[in-house]
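# Commentary on secondary and tertiary structure
Given next are the chains, with one letter for each unit.
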Amino acid sequence: MDSNQAGRAGEFYIAYVLEKNGIECHHVDLQGTDLWCQLENGKMFTVQVKSATTPFRNKGRWIYSFCLTTAKKADFTIYLALDQERFVVETAEQVGKRKSKQITPKAFTTAKKAEGIELLKGFFASDGNEAK
């Protein structure tokens, strides 16, 4: 699978998981944004999906590497380990101005995946204010 195929597969996998968890998703092809998402309360946010198919060995340790060179940042970036079907979610503030991110395979846990979904679902509190 080349990087374009992996990226596209990752975008649709994340859309599937989010839809399954009550977050409506629309796939878009915009710089820095892959998904427009809407919560049950009508509030919307954007997601950029970064996919990696397998880890590789770098300086004696296994990592997944993600390129973050897009100038425009979505509200959230989801780092997906396709081979594990697990992901880690970061806010735009957490991503900051980094150009890349490396994550070890053991960081992709079921708990992190669930935590990420809750972070997305809690982006806006029900009263319309952003969740802290």
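Shown above is the structure to which this text applies.
Attention here is on the structure that accompanies the text. On a predicted model such as this, the values are computed, not experimentally measured, just so you know.

What follows deals with the environment of Tyr64. Assignment of secondary structure puts Tyr64 in strand E5 (residues 61–67). Accessibility expressed as a relative area gives 1% for Tyr64, which makes it buried. Here the alpha-carbon distance between Tyr64 and Pro105, two residues 41 residues apart in the chain, equals 6.8 Å. A polar contact of 2.7 Å, which involves the side chain of Tyr64, links it to the side chain of Asp83. A polar side-chain atom of Tyr64 sits 3.1 Å from a polar atom in the side chain of Gln84.

An order of E1-E2-E3-E6-E7 is seen for the five strands of this open sheet, with the pairing classed as mixed. Lying at the two open borders of the sheet, with one neighbouring strand each, are strand E1 (24–30) and strand E7 (86–91). Direction aside, neighbouring strands of the sheet carry axes that sit 30° apart on average. The pairing of strand E2 (residues 33–38) with strand E3 (residues 44–52) spans four bridges and is antiparallel. Along E3, the bridge assignment pairs Cys37 with Phe45. Most of the contacts of helix H1 (residues 3–20) go to E1, to which it runs at about 160°, and overall it touches E1, E2, E3, strand E6 (76–81) and E7.

Rules used in this analysis
- Residues numbered from 1 in each chain as written.
- Predicted model: local features only at pLDDT ≥ 70, side-chain atom pairs only at ≥ 80, totals over all residues.
- Heavy atoms only, no water.
- Helix = DSSP H or I, 4+ residues; strand = E, 2+ residues; numbered from the N terminus.
- Buried < 20%, exposed > 50% of the residue type's maximum accessible area, 1.4 Å probe, protein only.
- Polar contact = N/O pair within 3.5 Å; in protein donor to acceptor, adjacent residues only side chain to side chain.
- Pairing = 2+ DSSP bridges.
- Axes fitted to C-alpha atoms, helices over the stretch in contact; angles between N-to-C directions.
- Contact = heavy atoms within 4.5 Å.

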